[in-house]
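What the coordinates show
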Amino acid sequence: MTPPLPTELVIGVDVGTTAAKVAAFGLGSPWRLVALREYPLLEPLPGQQVQDPAVILEAVLEALAEVAAAVQGAHVLGLSVSTAMHGLVGLDADARPLTPLLTWADARSSAEAAALRASGEAREIHELTGTPVHPMTPLTKLRWFAHHEPATAARVRTWAGLKDLVLHLLTGSLVTELSSASATALLDRRSRRWSERATALAGVSLDQLPQILSPTATLPLAPGLAARVGLPAGTPVVVGAADGPLGNLGTGALAPGVVGLSLGTSGAARMVVPTPPEHLDPSLFCYALTEDHWVLGGAVSNGGLVVRWAGSALAPDLGGDDAALLALAAQVPPGSEGLVMVPYLLAERAPLWDPEVPGAYLGLRRAHSRAHLVRAAVEGVALQLGVLVDRLDAITPVTCVRATGGVFRDPLWREVLAAVLDRPLVTVGAAEGSALGAAALGLFALGRAESLDGALALLAPPESAEPEPVPADPELLAAYAELRSRVPRLVDSLSAVGGLFEPPDAP
């Protein structure tokens, strides 16, 4: 039986890399509704991963209108916004895009990132801002524009991110918030203001960046937009936070020692701390969730996409059937009989933050079949996430990992990750991610709860139970224990020869 429409609800607007998800949650009710609109990731030139801002914003409007039509009769307490991090778009004086949205996956600024690493400035910026210097960052993208498209850069009045575009759409205000700003490599994490040092390196002025609001700040829903989607004008819009930190909130990974792990196309492992650490592990980022909640962690660009690649490259006869592909891999013993994959198909982020390190299969022998290659891909992704959890464990002992992502519907992913991590692991549903985190942050911002935990509890159905832990198979634990210790050394060794894989300069 479908639960009745609740009298009060909150809406989480979660705008990601390939889809806009608008989810309505009833307070103290199992009632939930999700509208999804997908959009493409474009590659106009090799290494460029961009999107059309107009297409994204139209997807947000359509999903929001669908939800608004379905909740007529209920009181919408407010909207709260989550967006993907690291995007960059140049706007003119009327806030119209002059460039596409350069996403986190855009690698055009690899040379700019490499130059900052070579000069030693990358480590300084990492300490200052909490964001590792990498082609994903707006800082390096801005340097690319200064070097390669100075005429375009000269026309830009404001450099904005995806969050800023969405907030401008909903409220008419061109602003950002602390969480998204903390992932730009342009924010001084101590003063919580735009950094003059970082912006000078980026080649932009402070007045070309949006005003930074608290993640719990609210703005009124603009009248024209409200009429278009079917919500009351002035409905509170909580500016919210970035999708990564909100993923920790949505999965309930807030307590000390609890890691939130997400795995989709890409992946991440994150832990919430009350204040940014004085000094950062070079492999970890430090982003804000709220002023009093910061997230330490690392992100991998190569998550589930690695296995999708393996399916298309090695088993096209399976027709993209993920379940059949993973069943094939499950026939191979753990450890893939000595075969290891370093799964760097895209320019990788953590733990090295060096996009030049190539992917590789190591230990390949004649006896290895395509099933071995696929299983090694699964294990390679899990082992990279295991390295990040180990780095977090060195800061605060990890007591539990709460994982979310569609890949965990398959038992092979669950079994491999549980054994690689060798820590209590629970998986939570895909809805229990950034959209739910945004909704919970919204309730906290609107004063309906005294804490983030309390806000999350308001959105949990009364009869909901804690998910059962994923058991770690003793055979897999033994197989992966030694491999876990070898993977960091293998990756370090591969990084030393990465330059040999670069194509020669064109004549």
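Summarised in this report is the structure supplied together with it. (Residues numbered from 1 in each chain as written. Predicted model: local features only at pLDDT ≥ 70, side-chain atom pairs only at ≥ 80, totals over all residues. Heavy atoms only, no water.)

The next thing to look at is the overall build of the protein chain. On a plain count of helices and strands, the protein chain comes out with 17 helices and 22 strands. The C-alpha atoms of the protein chain give 22 Å as radius of gyration, which agrees with the globular expectation for 507 residues (23 Å, within 12%). Along the three orthogonal principal directions, the C-alpha set of the protein chain runs to about 65 × 60 × 45 Å. Each of the 507 residues in the protein chain was classed as buried or not, and the buried ones make up 57%. A distance of 2 Å separates the average location of the 34 positive side-chain charges in the protein chain from that of its 51 negative side-chain charges. (Helix = DSSP H or I, 4+ residues; strand = E, 2+ residues; numbered from the N terminus. Rg over C-alpha atoms; globule rule 2.2 N^0.38 Å. Buried < 20%, exposed > 50% of the residue type's maximum accessible area, 1.4 Å probe, protein only. Lys, Arg positive; Asp, Glu negative; His and termini not counted. Charge placed at Lys NZ, Arg CZ, Asp CG, Glu CD.)

The peptide bond linking Ala350 to Pro351 adopts the cis configuration, its omega dihedral lying at 0°. By the element assignment, Pro351 lies in the loop between strand 19 (340–342) and strand 20 (360–362).

The end-to-end C-alpha separation of helix 15 (residues 434–445) is 16 Å, in line with the 16 Å expected for 12 residues at 1.5 Å each. Counting buried positions along helix 15 yields 10 of 12 residues, so the element is predominantly enclosed. Phi turns positive, to about 80°, at Gly447, one or two residues after helix 15. (Expected span 1.5 Å × (residues − 1).)

This part is about the sheet that holds strand 16 (residues 267–273). Sheet architecture is open: 6 strands sit in the order 17-18-16-15-21-22, paired in mixed fashion. Taken across any chain shown, the strands that pair with only one partner, and hence form the sheet edges, are strand 17 (285–290) and strand 22 (425–428). Ignoring which end each strand starts from, the neighbouring axes of this sheet average 30° apart. Taken together, the 7 bridges between strand 16 and strand 18 (residues 293–300) define a ladder with antiparallel strand orientation. The residue of strand 18 that forms the bridge with Met271 is Leu296. (Pairing = 2+ DSSP bridges. Axes fitted to C-alpha atoms, helices over the stretch in contact; angles between N-to-C directions.)

Further remarks concern the pairing of strand 1 (residues 8–15). With 7 of 8 residues buried, strand 1 is to be regarded as a mostly interior element. Pairing between strand 1 and strand 5 (residues 75–83): 7 bridges, direction parallel. Paired with Leu9 across the two strands is Val76, which belongs to strand 5. Here strand 1 folds back onto strand 2 (residues 19–26), and the loop between the two strands holds 3 residues.

Now for the nonpolar core. One finds Trp159, Leu261 and Trp413 to be the most contacted residues of the largest nonpolar core, which totals 124 residues. Considering each element in turn, this core owes the most residues, 13 residues, to helix 13 (residues 370–393). In this view, Leu261 contacts Ala268, Ala269, Leu385, Val401, Arg402, Ala403, Thr404, Phe408, Leu417 and Leu421; residues no more than four positions away in its chain are not counted. Counting residues in hydrophobic clusters, the runner-up holds 47 residues, among them Val81, Leu170, Leu219 and Leu221. (Core = buried A, V, L, I, M, F, W, Y, C linked by side-chain atoms within 4.5 Å. Contact = heavy atoms within 4.5 Å.)

Turning to the pattern of salt bridges, a few remarks are in order. If you walk through the whole model with that rule in mind, you get 22 salt bridges. Residue Glu66 pairs with Arg37 through a salt bridge whose shortest N-O separation is 2.8 Å. Residue Glu66 is found in helix 1 (residues 53–70), and its partner Arg37 is found in strand 3 (residues 32–38); the two are separated by 29 residues along the sequence. The partner of Arg108 in a salt bridge is Asp106, and the shortest N-O contact between them spans 2.8 Å. As far as the burial class goes, Arg108 and Asp106 line up, both buried. Taken together, the shared-partner salt bridges in this structure form one network comprising Arg123, Glu127, Arg189, Arg190 and Glu278. (Salt bridge = Lys/Arg side-chain N within 4 Å of Asp/Glu carboxyl O.)

So, about the packing of helix 1 against helix 6 (residues 162–171). Contact geometry for helix 1 and helix 6: axes closest at 11 Å, N-to-C directions at 55°. Classified by the interaxial angle, the pair formed by helix 1 and helix 6 is oblique. The interaxial crossing formed by helix 1 with helix 6 has right-handed handedness. Only Leu162, Leu165, Val166, Leu169 and Leu170 of helix 6 make contact with helix 1, whose side of the interface consists of Pro53, Ile56, Leu57, Val60, Leu61 and Leu64. Of the residues that constitute the contact of helix 1 with helix 6, the class distribution is 11 nonpolar, no polar and no charged. (Parallel < 35°, antiparallel > 145°, perpendicular 65-115°, else oblique. Left-handed = near helix turned anticlockwise from the far one by under 90°. Nonpolar A, V, L, I, M, F, W, Y, C, P; charged D, E, K, R; others polar.)

Here the focus is the pairing of strand 15 (residues 258–263). For strand 15, the buried fraction is high: 6 of the 6 residues fall into the buried class. A two-sided burial pattern is seen for strand 15, the buried positions comprising Val258, Gly260 and Ser262 on one face and Val259, Leu261 and Leu263 on the other. Of the strand pairs in this sheet, strand 15 and strand 21 (residues 400–404) are connected by 5 bridges, and their pairing is parallel. Among the inter-strand pairings, Leu261 is bridged to a residue of strand 21, identified as Ala403. Connecting the antiparallel pair strand 15 and strand 16 is a turn made up of 3 residues.

Mapped onto the elements, Pro236 comes out in strand 14 (residues 236–242). Residues Pro236 and Leu77, 159 residues apart in the sequence, show an inter-C-alpha distance of 7.2 Å. Each residue touching Pro236, except ones within four places of it in the same chain, is listed here: Leu77, Gly78, Leu79, Leu219 and Leu446.

Before going further, it helps to spend a moment on the environment of Ala153. Positionally, Ala153 belongs in helix 5 (residues 150–155). When the C-alpha atoms of Ala153 and Leu91 are compared, they prove to be 9.8 Å apart, with 62 residues separating the residues in sequence. Among all residues touching Ala153, those that are not within four sequence positions of it are Phe145 and Trp159.

Bringing the side chain of Asp410 into the picture now. Its location among the elements puts Asp410 in the loop between strand 21 and helix 14 (411–421). Here Asp410 sits buried without a salt bridge, and the closest side chain of opposite charge, Arg414, lies 6.7 Å off (N-O distance). In terms of polar contacts, Asp410 uses its side chain to reach the backbone amide nitrogen of Leu412, at 2.9 Å. When neighbours within four sequence positions are excluded, Asp410 is seen to be in contact with Ala323 and Leu326. (Polar contact = N/O pair within 3.5 Å; in protein donor to acceptor, adjacent residues only side chain to side chain.)

This next bit is on the packing of helix 13 against helix 14. One can describe the packing of helix 13 onto helix 14 by two numbers: an axis separation of 9 Å at closest approach and a directional angle of 40°. Between helix 13 and helix 14, the angle is such that the two are oblique. The handedness of the crossing between helix 13 and helix 14 is right-handed. Across the interface between the two elements, Arg375, Val378, Glu379, Val381, Ala382, Leu383, Leu385, Gly386 and Val389 from helix 13 touch Leu412, Trp413, Val416, Leu417, Val420 and Leu421 from helix 14. Along the lines of polarity and charge, the residues of the contact of helix 13 with helix 14 split into 12 nonpolar, 1 polar and 2 charged.

As far as function goes, none of this settles anything; it's purely spatial.
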